[in-house]
Structures are given as structure tokens and as C-alpha cells.
Amino acid sequence: MKAISCAAPGRLALVEIDPPVLRPGWVRIGIRYIGICGTDYHIFEGNHPFLEYPRIMGHELSGVVLDANGGATLEAGDAVVVNPYLPCYACPACREGKTNCCETLKVIGVHCDGGMAEEIVMPEANLYPAAGISLRDAAMVEFLAIGAHAVRRSELKPGDRALVVGSGPIGLGVAFFAGIAGADVTVVDAAPDKIAVTRDLGFRAFGLAELDGDAFKAVKRSGFDAVFDATGSIRAMNASLLHTRSGGSYTLVGVIKGDLVWPDPEVHRRELTIRGSRNATKEDFDHVMDSIRSGQVPTGSLATHATTFDRVPADLPAWTHNREGLIKAIVTV
Ligand SMILES: [Zn+2]
Ligand SMILES: [Zn+2]
């Protein structure tokens, strides 16, 4: 079968490999759509820590069951969303249902080979029927689930004022699910083109230069109930904490390799709740699928770029260097 292999940073090629071998409890999936993630661009550029090459990328996946392998719920032909996280189910985090932050979590397409291939095999528990949503939209569930998870982590309540810093795909996911949770949502980003796109999607959005202006101050008042970071920028992650109100919360969705530094009096005075938010669980995938079914997420506006499987070795490098106007690129297999 065909697969797209990243042999080393900067080297992406269509290759011929053996189809994966089925094992008990696992299901064979024909991949139909692949979302390209920021992580994939990082892997291609060689900016991902601890990544071993060669690697078949791809963790935002939808497909069709080819061989259910005697499974309990799925049948050949079923359309599925793939949950790409392989937890151990035995560590303390897994035992309390937090499989998203398993001590030894493996993500397909990152820690082991993923779904930029014609077929993959996955445990049946990682496959969710995609009834009622298109297979294209099904490939967008995973990245949106990361935003949905962060909102669930934040314990946001209807009427809360939320600030989302960073309006890449993950930040926009946070913004949509904060809105669905009933919050009044404000978005901040450094890039003017992303501010424009965010406003087109219906959000109140500000550029960095506008944060000293009266319009932002009027929205911020004495601080936001919940602030989310989705930037991956150490400067933003340090600074955005100061946008929280007393008694508020700060949820870190983006990840960086480095140390964050906050003034303790600011944390203490607010009795601030600071949370990490990592990946997502089945509950979040289900919430995203329900929200897409009920038309609450404009997936058509988020899928800004499209390509075909054979063209990925040409298009992915191009988008690595020019992401203007790009929210999510979707590959048709
Ligand atoms: Zn991703
Ligand atoms: Zn575990």
C-alpha cells in the first residue's frame, strides 16, 4: 500500500509499504481524509523534540472499516473517526479516566507510525462511528476535541467572559467550544491576517497593538473569568496570565519546551487556578461530533486548504513555509 514517509527533516516521499498486520481486538481502517496538524509541520521541519525518523505522520483521521476483525460494535463499511491516542489503561491517570494524559501515552503519527497511509489498524476502542457527519468533517474532530477538552477543563459557565490567546486551529477550537458552553468569547492574536479570519468567523478579536486601547479594556474590565493560551509562545504564555480576574482560571493548551515565569503576587492575589490541558478523551470527541451534527461548528470555513494524497509531498512543505490564510488543510485519500 501507499504511505507518505518523512525519512528525515525536510524529506517527505510517497513510499510503498506492507499493509499493517491485524491483531486481536484491533480493526483495519481504510483512511479517507487526513487533517494536517501544526505537529506535522513541526515533524517535517525537524522541530519536534524526541521524534524518531523515519516517521509516517498523520493523526487527524477519518476512514471506513475494512475488516472489523470480529469486533463487538463495528462492521465493515462503517465510517469512523480515529482517536489517535494509545493509552496504557493501567497507570493512575488512565485508571481515573484521564487517558489523555497517560504516563506512557503514544500518539500515532508522532510516537509511532500514523495515518498518512492507505490503511491503518487501531484498537476498536479508538474508533467512533461517524454517523451523521461527513468523512471530511470526521477528520476535523480530533483537533477540535483538543479545544473542547480545554473548555471542559476550565469549568466555564454560561455567561462567563473567556479570553482565548492564539487563533490557530487549536485556539479557534477553544473559541468555538467556549461559545457553545455559553461564554462571551474574545480572541487575541499577534498576526493581522489571523485576526481578520477570526473576525470573519464571528468572534470579537484584537491584535497585540490593540490591547492597550479602550475597546479591549472595556471588554476585559478587571479581568476575564477564564483565559486560555493556545499560542505555543513563551512570551504570550507568561503575559496572558495577567488578563485573568481575581478568582479566575488560566488554562494552558499550547505547549512549549521551556520554563514559564509568573509573578507570584499576581497568582496569589487572584487565588488563580492554573491548569494544563492535554489532548482529549472520548467524551470530548463525542461532544465535538454532536456539535458538528447540530451545525454549531462551521467546519467548511475551517477547512481552508485541500489536497490529494499523492500531492502531500509537494503541498505540505509549501504550507510549512507559507501558512497565510491557512487554518486547516485536509488531504483526500
Ligand atoms: Zn493535531
Ligand atoms: Zn496510562
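The written sequence of each chain sets the order in which its residues are numbered from 1. Chains carry letters from A onward and ligands carry numbers from 1 onward, assigned in written order. Totals for whole chains, interfaces and linings use all residues, but because this is a predicted model, local features are given only for residues with pLDDT of at least 70 and pairs of side-chain atoms are given and counted only at 80 or more.

**A few points about the sheet that holds strand 12 (residues 184-189)**
What holds strands together in a sheet is hydrogen bonding between their backbones, with the strands either parallel or antiparallel. Spatially, 13-12-11-14-15-16 is the arrangement adopted by the 6 strands of the open sheet, whose pairing is parallel. Taken across any chain shown, the strands that pair with only one partner, and hence form the sheet edges, are strand 13 (204-207) and strand 16 (273-276). Averaged over all adjacent pairs, the angle separating strand axes in this sheet is 20°, with direction ignored. Examined bridge by bridge, strand 15 (residues 244-252) and strand 16 share 4 bridges and lie parallel to one another. Pairing of Leu252 across the sheet is with Gly276, part of strand 16. We call two residues in contact whenever the C-beta atoms placed from their backbones are within 7 Å. In this analysis, axes come from line fits to C-alpha atoms, helices being fitted only over the stretch in contact, and the angle between any two N-to-C directions falls in the range 0 to 180 degrees. Secondary structure elements follow DSSP: runs of H or I of four or more residues count as helices, runs of E of two or more count as strands, with numbering from the N terminus. Across the sheet, helix 4 (residues 141-154) touches strand 14 (224-229), strand 15 and strand 16, and the angle it forms with strand 15 is around 145°. What makes two strands pair is DSSP finding at least two bridges between them.

**A look at helix 5 (residues 169-180)**
A helix is expected to span 1.5 Å multiplied by its residue count minus one. Over its 12 residues, helix 5 runs 16 Å from end to end, which matches the ideal 16 Å to within 8%, given 1.5 Å per residue. With 11 of 12 residues buried, helix 5 is to be regarded as a mostly interior element. The complete set of buried residues in helix 5 reads Pro169, Ile170, Gly171, Leu172, Gly173, Val174, Ala175, Phe176, Phe177, Ala178 and Ile180. Remark: Gly182 follows helix 5 within two positions and exhibits a positive phi of approximately 95°. Any residue with 12 or fewer other C-beta atoms within 10 Å of its own C-beta is exposed, any with 20 or more is buried, and the rest are partly exposed; the C-beta atoms used are placed from the backbone.

**With respect to the pairing of strand 14**
Taken across its 6 residues, strand 14 has 6 buried, putting it largely inside the fold. Of the pairings in the sheet, the one linking strand 14 to strand 15 comprises 5 bridges and is parallel in character. The partner of Phe228 across the bridge, within strand 15, is Thr251. Place the viewer so that the strands point away; then a crossover is right-handed whenever the path from the first strand over the helix to the second strand goes clockwise. For the segment spanning strand 14, helix 8 (residues 234-239) and strand 15, crossover handedness is right-handed.

**Some points on the nonpolar core**
Counting residues in hydrophobic clusters, the biggest one holds 85 residues, and the most contacted among them are Ala162, Val164, Val174, Ala178 and Phe228. Looking at this core, you find at least three residues from each of domain 1 (2-139 + 298-332) and domain 2 (147-276). Ignoring any residue separated from it by four or fewer positions in sequence, one finds Ala178 in contact with Val151, Leu156, Ala162, Val164, Ala183 and Val185. Put simply, a nonpolar core is buried Ala, Val, Leu, Ile, Met, Phe, Trp, Tyr and Cys residues tied into one set by C-beta atoms within 7 Å. An automatic or database domain assignment supplies the start and end points of every domain.

**Observations concerning the domain arrangement of the protein**
Examined at the domain level, the protein breaks down into domain 1 (2-139 + 298-332) and domain 2 (147-276). The C-alpha-based centres of domain 1 and domain 2 are spaced at 28 Å. Taken together, the contacts link 10 residues of domain 1 with 8 residues of domain 2. Residues are grouped as follows: Ala, Val, Leu, Ile, Met, Phe, Trp, Tyr, Cys and Pro are nonpolar; Asp, Glu, Lys and Arg are charged; all remaining types, including Gly, are polar. Of the residues that constitute the side of domain 1 that touches domain 2, the class distribution is 4 nonpolar, 4 polar and 2 charged.

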